[in-house]
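Understanding the architecture of this molecule
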Amino acid sequence: MTSMISQTLNLRARGVLLDIEGTTSSISFVHDVMFPYVRQHLDSFLDEHFQRADVMAASEQIARDAGHSGLSQWAASADSPAEQLIVTEVHRLMDGDVKATGLKALQGLIWENGFRDGSLRAHVYPDVIPQIRLWREAGCDVRIYSSGSIATQKLFFAHLDGLGDCLQLFSGHYDTTIGSKKESASYQRVAADWGLAANEIVFVSDIAAELTAAQAAGLKAIGSVRPGNTPLPDTLEVPRIDTFAALIIAK
């Protein structure tokens, strides 16, 4: 059965949980601007900052994500400089669009430089921020759940193109440290951390597996249909919107 795009969807909820890529922001911005920025600046960033504590922490996580006990053990077993191993692994993970925790942490540190020096400005659809303001005025708590690190999420919404800092609109952030977005247990943990019943939370995403997992956990799942998104399967039984303006939420 095909789920049609809703002209207007009226829901009662206490919380709204939002994906970023393909939901609040275009996939093209992430893939055509943010990812190339990392590839372009990776070598120079590591040359300058590799010994910094936060960079080393992200690198250690990349090593663990790759199945090693730590970065020094990996470098010794590979007989290769640690920094070069990180460069090679980052490119490999990005080529495969892998949502690894260490990768996301290092990407966030590189993006931080770009946001702070003004060379990066984040994209959101024009309907996003006005509708989030309306949800909050209606008494709803709005939070983000993205595979991008929490630090990156905060940088993103603090540096919106033409809008500036909108970070105050969000009461919380979740990333892969709470679990995979494709596993229902992750959404149960989000709800528990939030202090809400699962059925009091609306979750909006463009990814079928995420919507299925959220729905299985008891959340109200809404499909995001935006230009450039992979079409959601007809068999996925969730309402769909192509603008946040179609989603009317009250407590």
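The present account deals with the structure reproduced in this document. Everything quoted here is computed from the prediction, not taken from an experiment.

Turning our attention to the pairing of strand β3 (residues 141–145). Burial of β3 is extensive: five of the five residues sit out of reach of the surface. Of the two faces of β3, both are covered, the one formed by D141, R143 and Y145 as well as the one formed by V142 and I144. As judged from the four bridges shared by strand β2 (residues 15–18) and β3, these two strands associate in the parallel manner. Bridging across to β3, L18 finds its partner in I144. Two elements, β3 and strand β4 (residues 172–174), share three bridges in a ladder whose sense is parallel. Residue pairing for β4: Y145 is matched across the bridge by Y174. As a crossover connection, the stretch from β3 through helix α7 (residues 150–158) into β4 is right-handed.

This part covers the packing of aromatic side chains. The description of two aromatic rings rests on the distance between their centres and on the angle between their planes. What the rule picks out here adds up to eight aromatic pairs. On the numbers, 6.5 Å between centres and 85° between planes, the contact of Y145 with Y174 is edge-to-face. In this pair, Y145 sits in strand β3 while Y174 sits in strand β4, placing the two residues 29 residues apart along the sequence. Looking at Y174, the relative accessible area reads 6%, which means it is buried. Residues F156 and F157 carry aromatic rings whose centres are separated by 5.1 Å and whose planes lie at 65° to one another, so their mutual orientation is edge-to-face. Under the relative-accessibility criterion, F156 is labelled buried at 3%. What links up through ring pairs into an aromatic cluster is the set F29, F156, F157 and F170. Here the guanidinium or amino end of K181 rests over the ring plane of Y145, the centre of that ring lying 5.5 Å away. Directly above the aromatic system of Y125 lies the positively charged group of R226, at a separation of 4.0 Å from the ring centroid.

Reading the values: rules and limits
Residues numbered from 1 in each chain as written. Predicted model: local features only at pLDDT ≥ 70, side-chain atom pairs only at ≥ 80, totals over all residues. Heavy atoms only, no water. Buried < 20%, exposed > 50% of the residue type's maximum accessible area, 1.4 Å probe, protein only. Helix = DSSP H or I, 4+ residues; strand = E, 2+ residues; numbered from the N terminus. Pairing = 2+ DSSP bridges. Right-handed = clockwise from strand over helix to strand, strands pointing away. Phe/Tyr/Trp six-rings, centres within 6.5 Å; stacked < 30°, edge-to-face > 60°. Lys NZ or Arg CZ within 6 Å of the ring centre and 35° of its normal.

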